[in-house]
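Chain by chain, the residues run as shown.
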Amino acid sequence: MSVLPLVFTSGWASGINAYAVILLFGVFGATGVTDEVPESLQRTDVLVVVGVLFVCEAVADKIPYVDSIWDSAHTVIRPVSGAVVAALLAGQSGSLPEIAAGAVGGSTALLSHLVKAGTRMAVNTSPEPFSNIAVSTAEDLGVAGIITFAIFHPLAAAIVAGGLLLLGIVIILFLASKIRNFRRRKAERRARRRVAATWPD
């Protein structure tokens, strides 16, 4: 079977939490759960490094505004990670050219990263931190669940990942429209106040 569904799913998940994707694949490969994982992702040094980075992300991602700074720093890291993981998976299976796999994984990771970053910026407008923690935890569990599911049912997992990606894009477009309308109304109110302040008594 083509590795494309697994490549797509790993790309989507990498855009949300690249370190979790590498860690999960590495652990699944090292423990013999699957033979789809290349040796390079199963190395102990790789697992230790991504494990530490995963913990850092798990903490930073739950702190309002720190998560947005973290997301900005990972605008390049997540798509590159998605492309590398996809290329390695393709090289392991031999059913898909590595360059094509890297393009799919990287572009999918970039899209899901932009959705994640945009959503978190909207969540950060909430005055309390609990919504931030809830969204971050849901993202972590979602990545873990979809990668585990993809190991055993890659096509079904890819369909789920595609649906989540489309849903995220729709939500971001909706939020962007709301924010634009809010800013326009705010600018209009400021303009009316300035006119009222300069109007002669």
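Engineer: Please explain the nonpolar core as it appears in this structure.
Structural biologist: In a soluble, globular protein the nonpolar side chains are often hidden away together inside. Ranked by internal contacts, the top residues of the largest apolar core, which has 30 residues, are Phe25 and Ile147. Secondary-structure elements contributing two or more residues to this core are helix 1 (4-30), helix 4 (77-93), helix 5 (98-123), helix 6 (130-152) and helix 7 (154-198). Sort the elements by how many residues they give to this core and helix 1 lands first, with 11 residues.

Engineer: Could you clarify how one ought to interpret helix 2 (residues 44-60) in this entry?
Structural biologist: Residue pairs spaced three or four apart in an α-helix point in one direction, given the helix's 3.6 residues per turn. Taking 1.5 Å per residue, 17 residues should reach 24 Å; helix 2 reaches 24 Å between its end C-alpha atoms and fits that length. Buried within helix 2 we find Leu47, Val50, Gly51, Glu57, Ala58 and Ala60. Against the buried residues of helix 2 lie helix 1, helix 3 (66-73) and helix 4.

Engineer: Teacher, can you tell me more about a nonpolar patch on the surface here?
Structural biologist: Taken together, Phe149, Val160, Leu164, Leu167 and Ile171 make up a surface patch of nonpolar side chains, about 390 Å² in accessible area. Top contributing element to the nonpolar patch by residue count: helix 7, with four residues. Along the chain, Leu164 falls in helix 7. For Leu164, a relative accessible area of 39% gives the class partly exposed.

Engineer: Is there a simple way to explain helix 6 in this structure?
Structural biologist: Its 23 residues place the ends of helix 6 33 Å apart at the C-alpha level, agreeing with the 33 Å of an ideal helix rising 1.5 Å per residue. All of the buried residues along helix 6 are Asn132, Ser136, Glu139, Asp140, Val143, Ile146, Ile147, Ala150 and Ile151.

Engineer: Please explain the pattern of salt bridges as it appears in this structure.
Structural biologist: When their charged atoms lie close together, side chains carrying opposite charge are able to pair. In total, this model carries nine salt bridges according to the counting rule given. With a shortest N-O distance of 3.1 Å, Glu57 and Arg78 are connected by a salt bridge. Of this pair, Glu57 sits in helix 2 while Arg78 sits in helix 4, and the two are 21 residues apart along the sequence. Classification of Arg78 as buried rests on a relative accessible area of 0%. Residues Arg120 and Glu139 are paired through a salt bridge, measuring 2.9 Å at the closest nitrogen-oxygen approach.

Engineer: How do you make sense of the packing of helix 1 against helix 4 when you look at a structure like this?
Structural biologist: The geometry of a pair of packed helices is captured by two quantities: the angle between their axes and the separation between those axes. Axis separation between helix 1 and helix 4 bottoms out at 8 Å; the angle between their running directions is 105°. Our classification of the angle between helix 1 and helix 4 gives roughly perpendicular. From helix 1, Leu6, Val7, Ser10, Ser14, Gly15, Ile16, Ala18, Tyr19, Ile22 and Phe25 reach across to helix 4, where they touch Ile77, Arg78, Ser81, Gly82, Val85, Ala86 and Leu89. Partitioned by chemical class, the residues of the contact of helix 1 with helix 4 number 11 nonpolar, five polar and one charged.

Criteria and thresholds
- Residues numbered from 1 in each chain as written.
- Predicted model: local features only at pLDDT ≥ 70, side-chain atom pairs only at ≥ 80, totals over all residues.
- Heavy atoms only, no water.
- Core = buried A, V, L, I, M, F, W, Y, C linked by side-chain atoms within 4.5 Å.
- Buried < 20%, exposed > 50% of the residue type's maximum accessible area, 1.4 Å probe, protein only.
- Helix = DSSP H or I, 4+ residues; strand = E, 2+ residues; numbered from the N terminus.
- Expected span 1.5 Å × (residues − 1).
- Contact = heavy atoms within 4.5 Å.
- Patch = residues over 30% accessible without salt bridge, like charges linked within 9 Å, V, L, I, M, F, W, Y side chains within 5 Å.
- Areas by Shrake-Rupley, 256 points an atom, 1.4 Å probe, with all protein chains shown as cover.
- Salt bridge = Lys/Arg side-chain N within 4 Å of Asp/Glu carboxyl O.
- Axes fitted to C-alpha atoms, helices over the stretch in contact; angles between N-to-C directions.
- Parallel < 35°, antiparallel > 145°, perpendicular 65-115°, else oblique.
- Nonpolar A, V, L, I, M, F, W, Y, C, P; charged D, E, K, R; others polar.

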